[in-house]
Amino acid sequence: MRALRDRVGAAAPVFGVLLLLLVAIAVVNPSFLEPASLLAYLKRAAPLAILAVGQYFVIVSGEFDLSVGSLVTVQVVVAARLIDGDESATLPVIVLLVGLGLLVGLANGLITTRLHVPSFVTTLGMLLVLSGAVFLWTGGAPRGSLSQAFRVPGRQGIDIPGFGQVPWSALILIAVAAGAAVLMRSAWGHTLVATGDNDRAAVLAGVPVARVRTTAFVLSALAATVAAILLGGFAGVSAQVGEGLEFSAITAVVLGGVVLGGGRGSVLAALAGALVLEALFTLLNLLGVSGALESTVQGVIIIAAVAYAARRAGRRRRPPVPEPTPQPA
Amino acid sequence: MTALAERVRWAPRLAAGPAAGTWIALGLVVLLAAAIVTARGGDYLTQANLLNMLSRTTVLGIVAVGQTIAILAGSLDLSVAYLIGLTSLIAAEIMAGDPAMIGPAVLAVLAASALVGLVNGLVITKLQVNAFIATLGVGLVIKGILESRYEGPAGSVPVLFQRLGYDRIGPIPVSVLLMLAVAGAAALFLHRTRPGHHVYAVGGNVEVARLSGVPTTRTTVLAHVICSLCAGVAGLYLASRLGAGAPYVGTDGGYDLESIAAVVLGGTVLAGGRGGVSGTVAGVLLLAVLDNLFDQLVLDAFFKDVVRGAVIILAVAVYARRQLRARAQRAVRVPR
């Protein structure tokens, strides 16, 4: 029961903030509440939200994944080069991308758990390797183009009579969210949280900690693959498509009240964190805050949100244990 | 208290382990590079080549030394890249080509950097925000300021100040001396002063340090101020080198993650409390030697990143192995 209260307690603020932001957007721009623009908002937010779900698995297990941004770039650039406008190549290339994602996630996980390299370093190294390799392969500028079929998930939707078009990305996001929620309620989800909370205790309780963590990295890389497919369709091919996404995803997860260092927070709150970030951008746009100051506002809000969460956490626990500067290990 | 004293006295010595390893690795890589280049008919160990290598390490070296202190204190700083851009602009705009304004400009840069460090430190300690998020957030704030105020290079640096970037004393570039001075000062601070020892104590175990009477908040804040000051010095150097300030000079260099990578490569433990400046300098030099080797072999620039990433992972895996073995020898079972 306490666990449930804790979970809801930790998650509640982000949903409140999300609601507040959506209301604020609706006040500034009443047409936002129409299904079409709400769905367009979901479509924009879907790639980051999916990345946040993947990042959540890694963070709640007590690790970091800094490689997702460069993985997204790699996937999009590789897809463009291999497909090169050839419709029939779409499916094989998508299978290949999934395989590539699996491989990267597996490498991240195995290096972190078996070689005992802190995940911050593992995934930082992976970031350098991936971005270097993809540019080496393409000679600095992405070439080729995506097929129409590849662009469908990121760009189009299905028509529902009497309602309008529902974007595929929104449906994929809902499916990912449902899958993640189910996963976190399964036994595996509980062992994942236990691993992040106290890995030594988890080992003693018989949790295959290394395997659980490796799976988390694989899930994160697969989420990056899905996000890359959506972004490739939505935003097109560029060498900057994944730039900074790792930090945005981590920010989203943390905004959702998930604690860096592992063991606490819910996956749906992490997803809501991504929706909050996207809503924030939408609102700033509407308010005419120049695109440039966007990052300043973003920076202030992230710090404020985490500081607020830290205060709450401090008050809930008694006696108050001042958190040491958390270790990115 | 004795336990702490013990710990503090041991900390620098423990650091000798991985740092020595990095220096040995550096020596081996230099020999290897020399052998490869000589075999291909080049002349590797020329003064020009060595100096070229050294002066290219200046910026990363200075930033990484600051980053070392932040990491030793159990923290880290992701805001340095933006701060470097900001300080290069502050320097160039205040100088505006006037040699008389060099003094005020340098002071302004140092003040601005110290302020950013202070904010980083206070957000982490007083607001209890994770260092990763705190410095990422502060970095975003600076990024927004840069993006809204500048579209490209601005200001101008008088010729007198540009000499910092280009002059030599005898055969040695001033910039290399600058880096060595920063590294030397940081090493003195860490090993010879009380606050320096406190950095190790706080990074090792903040709770133990607090209970032993170490002013933990002040120590973390100080570590961040020093880290930011180093970034500010790097910004000054880049301004002198470019002759102007440039908003993206720090982020284009990737100095945030690269500096952390160099620190880790130098054997400093990311979790804090163990390591030192010497290892970081070796790590920076190691990266520079590799870079230089690839240049000489006319390999693709992007290939460097691939090797760099692999080297970093490999090095840390080796350190982790050694640590595990050391722990096993002390007969402590560490399941993971």
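Within an unreviewed UniProt entry, the label attached to chain B reads Ribose transport system permease protein, and the organism entered is Pseudonocardia hierapolitana. In its Subcellular location (unreviewed entry) section, UniProt records this for chain B: "Cell membrane".

An unreviewed UniProt entry lists chain A under the name Autoinducer 2 import system permease protein LsrD, from Pseudonocardia hierapolitana. Listed under Subcellular location (unreviewed entry) in UniProt, the entry text for chain A is "Cell membrane".

1. Thoughts on the overall build of chain B
When you go through chain B residue by residue, the secondary structure sums to 14 helices and two strands. The C-alpha atoms of chain B give 20 Å as radius of gyration, which agrees with the globular expectation for 336 residues (20 Å, within 12%). Projected onto the principal axes, the alpha-carbon positions of chain B cover approximately 60 × 55 × 35 Å. In chain B, buried positions account for 55% of the 336 residues. Counting only carbon and sulfur atoms, one obtains 65% of the accessible surface of chain B, whose full area is about 13600 Å². Averaging the positions of the 25 positive and the 16 negative side-chain charges in chain B gives two centres separated by 16 Å.

2. Observations regarding the confidence of the model for chain A
All names here are of chain A. Confidence along chain A averages 85 in pLDDT terms, with 90% of residues attaining 70 or more. Summarising per-element confidence for chain A, the mean pLDDT is lowest in helix H1 (residues 2–28) (74) and highest in helix H4 (residues 90–114) (94). In this model residues 318–322 is a low-confidence stretch, pLDDT under 50, and it forms four contacts with partners more than four residues away in sequence or in other chains.

3. Structural notes on the environment of B:Leu211
Topologically, B:Leu211 is positioned in helix H9 (residues 206–211). Distance from B:Leu211 to B:Leu89, taken between C-alpha atoms, is 43 Å for residues 122 residues apart in sequence.

4. Concerning the pattern of salt bridges
Under the counting rule described, the total for this entry stands at eight salt bridges over all chains. A salt bridge links A:Asp199 to A:Arg213; the nearest nitrogen and oxygen atoms lie 3.4 Å apart. Taken together, the residues A:Asp199 in helix H9 (residues 199–204) and A:Arg213 in helix H10 (residues 209–235) connect sequence positions 14 residues apart. Looking at A:Arg213, the relative accessible area reads 4%, which means it is buried. Across the salt bridge formed by B:Lys143 and B:Glu147, the nearest N and O atoms sit 4.0 Å from each other. Here the residue B:Lys143 and the residue B:Glu147 both occupy positions in helix H5 (residues 131–149), the gap between them amounting to four residues, near one helical turn. Each of A:Glu63, A:Asp199 and A:Arg213 takes part in one network of salt bridges that share partners.

5. A short note on the side chain of A:Ser169
All names here are of chain A. The topology assignment puts Ser 169 in helix H7 (residues 168–185). Judged by its relative accessible area of 1%, Ser 169 falls in the buried class. The residues contacting Ser 169, other than those within four sequence positions of it, are Lys 43, Ala 46, Pro 153 and Leu 230.

6. Section: a nonpolar patch on the surface
Among the surface-exposed residues, A:Leu19, A:Val23, A:Val27, A:Val28, A:Leu286 and A:Leu287 lie close enough to one another that they form a single nonpolar patch of about 550 Å² accessible area. In this structure, A:Val28 sits in helix H1.

7. Thoughts on empty space enclosed by the protein
All names here are of chain B. Inspection of every chain in the model, using the stated rule, returns one cavity of 30 Å³ or more. The volume enclosed by the largest cavity comes to roughly 40 Å³. Lining the largest cavity, in full, are Gly 61, Val 65, Met 179, Ala 183, Thr 280, Val 281 and Val 284. With three residues, the top contributor of residues to the lining of the largest cavity is helix H13 (residues 277–296).

So, how was this worked out
- Residues numbered from 1 in each chain as written.
- Chains lettered and ligands numbered in written order.
- Predicted model: local features only at pLDDT ≥ 70, side-chain atom pairs only at ≥ 80, totals over all residues.
- Heavy atoms only, no water.
- UniProt positions renumbered as here; feature names shortened; annotations may be inferred.
- Helix = DSSP H or I, 4+ residues; strand = E, 2+ residues; numbered from the N terminus.
- Rg over C-alpha atoms; globule rule 2.2 N^0.38 Å.
- Buried < 20%, exposed > 50% of the residue type's maximum accessible area, 1.4 Å probe, protein only.
- Areas by Shrake-Rupley, 256 points an atom, 1.4 Å probe, with all protein chains shown as cover.
- Lys, Arg positive; Asp, Glu negative; His and termini not counted.
- Charge placed at Lys NZ, Arg CZ, Asp CG, Glu CD.
- pLDDT = per-residue confidence, 0-100.
- Contact = heavy atoms within 4.5 Å.
- Salt bridge = Lys/Arg side-chain N within 4 Å of Asp/Glu carboxyl O.
- Patch = residues over 30% accessible without salt bridge, like charges linked within 9 Å, V, L, I, M, F, W, Y side chains within 5 Å.
- 1 Å grid on protein atoms, 1.4 Å probe; cavity = no way out; pocket = protein on both sides within 12 Å on 5 of 7 lines; lining within 4 Å.
- Points joined across faces, edges and corners; volume = space filled by probe spheres on them.

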